[in-house]
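Coordinates in review
Listed below are the residues making up each chain.
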Amino acid sequence: MANLNPSNDAAHKAKREVSKEKAREVKRQIEHCISANERITLLGIAKRAGVSRAFIYNSQELRELIESHKVQANAKVVAHGLSSKRVQQKIKGLQNKLEAVIAKSKNQALEIVRLQKENDILKQHIEKITADNVIPISRS
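Report follows, based on the coordinates. (Residues numbered from 1 in each chain as written. Predicted model: local features only at pLDDT ≥ 70, side-chain atom pairs only at ≥ 80, totals over all residues. Heavy atoms only, no water.)

**Points about the overall build of the protein**
Looking only at helices and strands, the protein features five helices and zero strands. For the protein, the sequential pattern of α-helices and β-strands runs α-α-α-α-α. Scored against the burial criterion, the 140 residues of the protein give a buried share of 16%. Considering only residue pairs separated by 6 or more positions, the protein has 51% of its internal contacts joining residues 24 or more positions apart. Carbon and sulfur atoms provide 58% of the accessible area of the protein, an area that totals close to 11,600 Å². (Helix = DSSP H or I, 4+ residues; strand = E, 2+ residues; numbered from the N terminus. Buried < 20%, exposed > 50% of the residue type's maximum accessible area, 1.4 Å probe, protein only. Contact = heavy atoms within 4.5 Å. Areas by Shrake-Rupley, 256 points an atom, 1.4 Å probe, with all protein chains shown as cover.)

This is the structure we're talking about:
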């Protein structure tokens, strides 16, 4: 049964062309993320391509394409990120901070030992002074 309204056919054809162009843009954005070692997520690709999440969810081809590239690309991002200069610099900075905290902790431990010794000496002095100042009470 043929559609009797030719303008309706033209509208459907135009809508299909727009959808095809959106799908091509989604695919371009997936390829861009892969080549740039960026994370691939459905939401991220939808935003980059300027389409709704529903557009991708409603297309089994696009959903499967994203899922098939997602694991592989995301693994590359993690591997690349671990060896990047920026991460190495951050690790070095954290190591330096850790070493500073360890050094401070050692100094504080030494100070505690010194104060404990000083405290013991002061206690001995107090005991001596107290013993010297005791007045014997005679019982007559």
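**Quick word on helix α2 (residues 42-49)**
Buried residues of α2: L42, I45, A46 and A49, and no others. Looking straight down α2, one finds that the buried residues subtend no more than 100° of arc, so they occupy a single side. Directly beyond the C-terminal end of α2, a positive phi value near 75° is found at G50. (Arc of directions from axis to C-beta.)

**Quick notes on the packing of aromatic side chains**
Under the defined criterion, the tally for this structure stands at zero aromatic pairs. Over the aromatic face of F55 sits the side chain of K22, whose NZ or CZ is 5.6 Å from the ring centroid. (Phe/Tyr/Trp six-rings, centres within 6.5 Å; stacked < 30°, edge-to-face > 60°. Lys NZ or Arg CZ within 6 Å of the ring centre and 35° of its normal.)

**Quick word on the side chain of E25**
In this fold, E25 is placed in helix α1 (residues 6-35). Polar contacts involving the side chain of E25 include one to the side chain of Q29, which spans 2.6 Å. (Polar contact = N/O pair within 3.5 Å; in protein donor to acceptor, adjacent residues only side chain to side chain.)

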